[in-house]
Amino acid sequence: MEIRIGVQNVSREIAIDTDMTADAVAAAVAAAMGGGTLDLTDAKGRRVVVPGASIGYVDIGEETKRRVGFGA
């Protein structure tokens, strides 16, 4: 699933592709907004850590990939 994170006072957004579920990401964002850090790991094992106080928005994509082609 693709996640896009907007950080306050930064013009670029952070985009990561993770194997986490949408509920797990939402729980991590809620915990970070309560006064912590948002700590996510992408599908390739890279870690992204964002201070919760500077999160502008989090866009959580679809959990399933759309099928492309004639068999869709």
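Everything here concerns the structure above.
Here is a short report on the structure shown in this document. (Residues numbered from 1 in each chain as written. Predicted model: local features only at pLDDT ≥ 70, side-chain atom pairs only at ≥ 80, totals over all residues. Heavy atoms only, no water.)

1. What to know about the nonpolar core
Generally speaking, soluble globular proteins have nonpolar side chains that are buried together.
Then, number 1: Judged by nonpolar contacts, the single largest core of 14 residues is most densely connected at I3, I5, I16, L38, L40, V50 and I55.
Then, number 2: Those elements that place two or more of their residues in this core are β1 (2-7), α1 (22-33), β3 (37-41) and β4 (47-51).
Then, number 3: The element that contributes the greatest number of residues to this core is α1, accounting for four residues.
Then, number 4: Not counting residues up to four positions away in its chain, the partners in contact with L38 are I5, A28, V29, A32, V48, V49, V50 and I55. (Core = buried A, V, L, I, M, F, W, Y, C linked by side-chain atoms within 4.5 Å. Buried < 20%, exposed > 50% of the residue type's maximum accessible area, 1.4 Å probe, protein only. Helix = DSSP H or I, 4+ residues; strand = E, 2+ residues; numbered from the N terminus. Contact = heavy atoms within 4.5 Å.)

2. Concerning the pairing of β4
Then, number 1: Side chains V48 and V50 of β4 all project onto a buried face; the interleaved residues R47, V49 and P51 project onto a face where none is buried.
Then, number 2: Sheet analysis places β3 next to β4, joined by five bridges and oriented antiparallel. Note on β4: the bridge partner recorded for D39 is V49.
Then, number 3: Between the antiparallel neighbours β3 and β4 lie five residues, among them G45 with a positive phi of about 95 degrees. (Pairing = 2+ DSSP bridges.)

3. A short note on α1
Each α-helix turn comprises 3.6 residues. Residues three or four places apart therefore point the same way.
Then, number 1: Counted at 1.5 Å a residue, the expected span for α1 with its twelve residues is 16 Å, and the 16 Å between its end C-alpha atoms agrees.
Then, number 2: Listed in full, the buried residues belonging to α1 are A22, V25, V29 and A32. On an axial view of α1, the arc spanned by its buried residues comes to 90 degrees, and they lie on one face. Facing away from the buried side of α1 by over 90 degrees, the exposed positions are D23, A30 and A31.
Then, number 3: Of the surrounding elements, those touching the buried residues of α1 are β1, β3 and β5 (55-60).
Then, number 4: Downstream of α1 by one or two residues, G35 has phi in the positive range, about 120 degrees. (Expected span 1.5 Å × (residues − 1). Arc of directions from axis to C-beta.)

Structural measurements only, silent on function.
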